[in-house]
Amino acid sequence: MSDFVHLHVHSEFSLLDGLCKIPNLVNKAKKHGQKALALTDHGTMYGAMHFYNECHKQGIKPIIGLEAYMAKKSRKNKQTRPGADQNHLTLLAKNFKGYQNLMRLTSIAHLEGFSYKPRIDEETLFKHSEGLIVMSGCAGSFFNRLLRDGKQSEAEVTRFC
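Calculation rules
Residues numbered from 1 in each chain as written. Predicted model: local features only at pLDDT ≥ 70, side-chain atom pairs only at ≥ 80, totals over all residues. Heavy atoms only, no water. Helix = DSSP H or I, 4+ residues; strand = E, 2+ residues; numbered from the N terminus. Rg over C-alpha atoms; globule rule 2.2 N^0.38 Å. Buried < 20%, exposed > 50% of the residue type's maximum accessible area, 1.4 Å probe, protein only. Contact = heavy atoms within 4.5 Å. Areas by Shrake-Rupley, 256 points an atom, 1.4 Å probe, with all protein chains shown as cover. Lys, Arg positive; Asp, Glu negative; His and termini not counted. Charge placed at Lys NZ, Arg CZ, Asp CG, Glu CD. Pairing = 2+ DSSP bridges.

Draft legend 1. Structural view of the overall build of the protein chain. Along its length, the protein chain carries 6 helices and 5 strands. Written out in order from the N terminus, the α and β elements of the protein chain read α-β-α-β-β-α-β-α-β-α-α. Taking 2.2 N^0.38 as the reference for a compact globule, 161 residues should give roughly 15 Å; the C-alpha atoms of the protein chain span a radius of gyration of 16 Å, in line with that estimate. In terms of its C-alpha atoms, the protein chain occupies a principal-axis envelope of roughly 45 × 35 × 30 Å. Taking all 161 residues of the protein chain together, 46% fall into the buried category. By sequence separation, contacts in the protein chain at least 24 residues apart represent 68% of the contacts at least 6 residues apart. Total accessible area on the protein chain stands at roughly 8,700 Å², and carbon and sulfur atoms take up 55% of it. For the protein chain, the distance from the average position of its 23 positive side-chain charges to the average position of its 15 negative side-chain charges is 3 Å.

Here it is, written out as structure tokens:
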């Protein structure tokens, strides 16, 4: 069990989707013998520093991330209803440059892409992708929606949105 690492975790700082308190998350990972833990709150990085400090305090390697809301076309297009023009994509920082890019992406999402939720688009992600690991995300990701709809061949050749 000690080799297992949770790479998709939401905290109380996650937009409308988290409840766990950061000290409790880190403590539970430590009790289970895990050496690292990621924080990937929805649309925000409000808890990143608290998470980082708590992980170091408890001897756990922090992995800073973000579950981004991806606009299907442009972040500048407003949605007609909540969720109409967005998918999820999980991003992890693999180094300091990646952390800086996560901060840029979430800032752009709030300042330029906000439509019900803070969104980025492919253009923004590619521009600020250095130092990032991109994962397919949760059940709300574009890839998983295609797979759920029986479109495996389309999922295999698609990009992010």
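Past the structure itself, the notes keep going.
Draft legend 2. Summary view of the pairing of strand S2 (residues 61-70). Taken across its 10 residues, S2 has 9 buried, putting it largely inside the fold. Examined bridge by bridge, strand S1 (residues 36-39) and S2 share 4 bridges and lie parallel to one another. Across the sheet, the residue bridging to Ala 38 is Ile 63, located in S2. Direction of pairing for S2 relative to strand S3 (residues 87-93): antiparallel, over a ladder of 6 bridges. Within S3, the residue paired with Tyr 69 across the bridge is His 88. When S2 meets strand S4 (residues 119-120), the two strands line up parallel, connected through 2 bridges. Paired with Met 70 across the bridge in S4 is Ile 120.

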